[in-house]
Amino acid sequence: MSKIILTGDRPTGKLHLGHYLGSLKTRVKLQEDSTNEIFIMIADQQALTDNADNPKKIQESIYEVALDYLAVGLDPERTTIFLQSQIPQLPELTVYFLNLVTMARLERNPTVKSEIKDKKFGASIPAGFFVYPVSQAADILAFKATHVPVGDDQKPMLEQAREIARDFNRIYQTETFVEPDIILPPKGQGRIVGIDGNGKMSKSLGNGIYLSDSEEEIQRKVMKMYTDPNHIHVEDPGQVEGNVVFTYLDLFDPDKEKVAQLKAHYERGGLGDVVLKRYLNEILQDHLRPIRQRRQELAGNREHILALLKRGSERAEKVAAQTLAEAKDAMGIQYFG
Ligand code: ATP
Ligand code: MG
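Residues numbered from 1 in each chain as written. Chains lettered and ligands numbered in written order. Predicted model: local features only at pLDDT ≥ 70, side-chain atom pairs only at ≥ 80, totals over all residues. Heavy atoms only, no water.

Draft legend 1. Geometry of helix α4 (residues 89-98). Among the residues of α4, Q89, L90, L93, T94 and F97 are the ones counted as buried. Within α4, the buried residues cover an arc of 140° as seen down the axis, which keeps them to one side. Those residues of α4 hidden inside the fold are in contact with β2 (37-42), β3 (79-83), α8 (132-142), α9 (155-171) and α14 (302-331). (Buried < 20%, exposed > 50% of the residue type's maximum accessible area, 1.4 Å probe, protein only. Helix = DSSP H or I, 4+ residues; strand = E, 2+ residues; numbered from the N terminus. Arc of directions from axis to C-beta. Contact = heavy atoms within 4.5 Å.)

Below is the structure:
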């Protein structure tokens, strides 16, 4: 069955292995089916909700995220890649949707709750940040997306989007909006842990291995990865569970038998962290080398990236304008015909 797909990323930095497994890989796979219509949004407006004082960072990251897309194989000929801020229909829809959502409902969102904690907003939560799930619903619903491929942290956002679609259609007696389904990555890949072992790998937490990292950077990060703090001497028995090196080996090493042997050896004692980390380093280097090379080839050509974003944004705006017109029609607010 053909699908309409919308997903995206916040341009708050370069993309990392969490994005790769949690979302990018699924997108590239969906792109192989030419009956799918795919929209990929660089969410620069959403990024500003918690970075209002740093538009320069967002501007720079737009370009970096676009490079990451191309490097992993997203093809602008087959996929519409666009910039959120260039589609004025999205904030317009957001305004109407905000009236359908209560403060209490927004406060219940577990992802937003934990982000507020991580970002240390205290009592000074930007209102725009607090309501970003509603703007995200507008992004998804404006394209009538049937499927949204995202990581586990996005489940509450999808639930919120479905509720808004349902409520809008009910209140205004219309079928304008489609309730989207979530496409989650394979088990274990929806919330990749950071190299510090502290929760999710995240651009904002500085605990990621980036698709653009140099060979030396990757090695340096692997060498300081969180393992078992009680595994002090090589001969000590070590713990595999919660050990980030093994988490990444499970995710990236195609040789499952070898990983099982390493785990048994580690638990028995006699396998040192350095040897183990060197092995993981090789595996990660093999994965990231072709992506980095492709990225470097494209990196010099800013004009090309800007042109493809402009083209994508023009295409996206046409679709969003059509949906907004239908929504306003349903609400009876097209006063001048
Ligand atoms: P920020 O810290 O600015 O929120 P982020 O690293 O969380 O950045 P987003 O742009 O918010 O990245 O997320 C983009 C997509 O990548 C979403 O679908 C999200 O679920 C997915 N994703 C982000 N981090 C991970 C992760 N560690 N593991 C799996 N998927 C992830
Ligand atoms: Mg995020």
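Draft legend 2. Region of the structure containing the pattern of salt bridges. Tallied over the full model, the rule gives 20 salt bridges. Notably, a salt bridge pairs R10 with D50, separated by 3.0 Å at the nearest N-O pair. One end of the pair, R10, is in the loop between β1 (4-9) and α1 (17-31); the other, D50, is in the loop between α2 (44-48) and α3 (55-72), with 40 residues separating them in the sequence. Of the two residues, R10 and D50, both sit in the buried class. The salt bridge involving R315 is made with E37; its shortest N-O contact spans 3.5 Å. (Salt bridge = Lys/Arg side-chain N within 4 Å of Asp/Glu carboxyl O.)

Draft legend 3. Here's a closer look at the nonpolar core. In terms of nonpolar packing, the biggest core is built from 55 residues, with Y69, I209, L211, M225, Y248, L249 and L284 touching the most fellow members. When residues in this core are grouped by element, the largest group, nine residues, is from α3. Here this core spans two domains, and each of domain 1 (4-192 + 302-331) and domain 2 (215-297) adds at least three residues to it. The contacts of L284, once residues within four sequence positions are left out, are L17, I209, I218, V222, Y248 and F252. In terms of nonpolar packing, the next biggest core, distinct from the first, is built from 41 residues, A43, L90, A316 and M331 among them. (Core = buried A, V, L, I, M, F, W, Y, C linked by side-chain atoms within 4.5 Å. Domains from an automatic or database assignment.)

Draft legend 4. Looking closely at unusual backbone geometry. With a phi close to 50°, K144 is a non-glycine residue in the positive phi region. Along the polypeptide, K144 turns up in the loop between α8 and β4 (147-149). Backbone geometry places Q173, a non-glycine residue, at a positive phi of 50°. Tracing the sequence through the fold places Q173 in the loop between α9 and β5 (181-183).

Draft legend 5. Highlighting a negative patch on the surface. There is a patch of like negative charges on the surface, built from E215, E216, E217 and E282. A per-element tally of the negative patch places helix α10 (residues 215-223) first, with three residues. With relative accessibility at 40%, the residue E215 sits in the partly exposed group. (Patch = residues over 30% accessible without salt bridge, like charges linked within 9 Å, V, L, I, M, F, W, Y side chains within 5 Å. Areas by Shrake-Rupley, 256 points an atom, 1.4 Å probe, with all protein chains shown as cover. Lys, Arg positive; Asp, Glu negative; His and termini not counted. Charge placed at Lys NZ, Arg CZ, Asp CG, Glu CD.)

Draft legend 6. Structural detail: the environment of L308. Checked against the element boundaries, L308 lands in helix α14. Taking the relative accessible area as the measure of exposure, L308 reaches 5% and is therefore buried. Once the C-alpha coordinates of L308 and T323 are considered, the two residues, 15 residues apart in sequence, prove to be 23 Å apart. The contact partners of L308, leaving out residues within four places of it in the chain, are L70, P76 and I81.

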